[in-house]
Amino acid sequence: MGNKKALLVDITKCIGCRACEQGCREAHHQAADQPAKLTATSFTVIEERGDKFVRRLCQHCEQPACASACLVGGLTKTELGPVVYDEKKCIGCRYCLLACPYQVPKYEWSKLAPYMRKCDMCYDRVKAGQQTVCAEVCPTGATVFGDREELLREAHKRIDENPAYVKHVYGASELGGASVLYLTDVPFEKLGFITPPNDQPMPALSAAALGETPTVVLVGGSLLAGLYWITQRRREVLLAENNLLKERNSGDKREGRS
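Below: a short report on this structure. (Residues numbered from 1 in each chain as written. Predicted model: local features only at pLDDT ≥ 70, side-chain atom pairs only at ≥ 80, totals over all residues. Heavy atoms only, no water.)

Topic: the overall build of the chain
Line of reasoning, step 1. Secondary structure assignment for the chain yields 8 helices and 9 strands.
Line of reasoning, step 2. Looking at the 258 residues of the chain, the share that counts as buried comes to 43%.
Line of reasoning, step 3. For the chain, long-range pairs separated by at least 24 residues make up 60% of all intrachain contacts whose partners lie at least 6 apart in sequence. (Helix = DSSP H or I, 4+ residues; strand = E, 2+ residues; numbered from the N terminus. Buried < 20%, exposed > 50% of the residue type's maximum accessible area, 1.4 Å probe, protein only. Contact = heavy atoms within 4.5 Å.)

Examining the nonpolar core
Line of reasoning, step 1. If you look at the biggest cluster of nonpolar residues, it comprises 36 residues, and the most contacted ones within it are Leu7, Tyr102, Tyr182 and Phe193.
Line of reasoning, step 2. Mapped onto this core, the elements with two or more residues apiece are β1 (5-10), α1 (19-27), β2 (45-49), α4 (123-127), α5 (133-137) and β9 (180-183).
Line of reasoning, step 3. Excluding anything up to four places from it in sequence, Tyr182 contacts Leu8, Val9, Ile11, Arg55, Arg56, Leu57, Gln59, His168, Val169, Tyr170, Phe188 and Phe193.
Line of reasoning, step 4. Ala6, Tyr165, Leu181 and Leu183 belong to the second-largest nonpolar core, a separate cluster that totals 10 residues. (Core = buried A, V, L, I, M, F, W, Y, C linked by side-chain atoms within 4.5 Å.)

Concerning the pattern of salt bridges
Line of reasoning, step 1. Inspection of the entire model under this criterion finds 18 salt bridges.
Line of reasoning, step 2. With a shortest N-O distance of 3.3 Å, Arg49 and Glu47 are connected by a salt bridge.
Line of reasoning, step 3. Using a relative accessible area of 17% as the deciding quantity, one classes Glu47 as buried.
Line of reasoning, step 4. Linked through salt bridges whose partners overlap, the residues forming this network are Arg18, Glu21, Arg25 and Glu48. (Salt bridge = Lys/Arg side-chain N within 4 Å of Asp/Glu carboxyl O.)

Structural notes on the packing of aromatic side chains
Line of reasoning, step 1. If you walk through the whole model with that rule in mind, you get 6 aromatic pairs.
Line of reasoning, step 2. Aromatic pair Tyr107 and Trp109: ring centres 4.8 Å apart, planes at 65°, arrangement edge-to-face.
Line of reasoning, step 3. Exposure remark for Tyr107: the relative accessible area of 10% places this residue in the buried category.
Line of reasoning, step 4. A network of ring pairs unites the aromatic residues Tyr170, Tyr182, Phe188 and Phe193 as a single cluster.
Line of reasoning, step 5. One Lys or Arg, Arg94, reaches over the ring of Tyr107 and ends 5.0 Å from the middle of that ring. (Phe/Tyr/Trp six-rings, centres within 6.5 Å; stacked < 30°, edge-to-face > 60°. Lys NZ or Arg CZ within 6 Å of the ring centre and 35° of its normal.)

Below, the structure written as structure tokens:
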């Protein structure tokens, strides 16, 4: 776990150019014209808070609540840092949306076969030894990619050298810590950051309750297996029907029928 990666976002250096937004969308083949909020087709956004520009994206928590809430293991915290999603396992329960304290995961409500979507911290690039797209395209160094421990040291170094910074690295310990870290010269709460009452990871809050319900878990396992099959089958049927409709429409056009 010594090579766990992270992002350091220094809000004092962000100029609001939105290169990170556009780079992310291009990398994920998403439309350039998007609302200024996280959606199923927009994984990072720049929010304007007074005269400050604040990046929002998945925090990639050290102990992610979304993964803890997922009934089928569709979300995983990787050894490299990113929290990744396996759509093949997803049953569409949307518990991850409810569990995330940062309100990051989004659902593809408009699709026939919808899935959850969020930032994956460019996991394929990270596995290949590359940096994330957002860090690569940032022209001011407001977003930096690297080893988490090294970025924490760099963040504390900046705080020690510049008294203007708030003397805290957001993401270092909040709710057990995260792989996205922030620096700012304005109190975090004024920039829309949540302020947890303590640093206890979200999954720890439900661990005791889960330990008290072995029977529910055993019975629930069988029910979930059935639900998973039904959900996947429904998706297959919907996609097949949609493809058949497209083929029919295409055939009608070729034959000159309206």
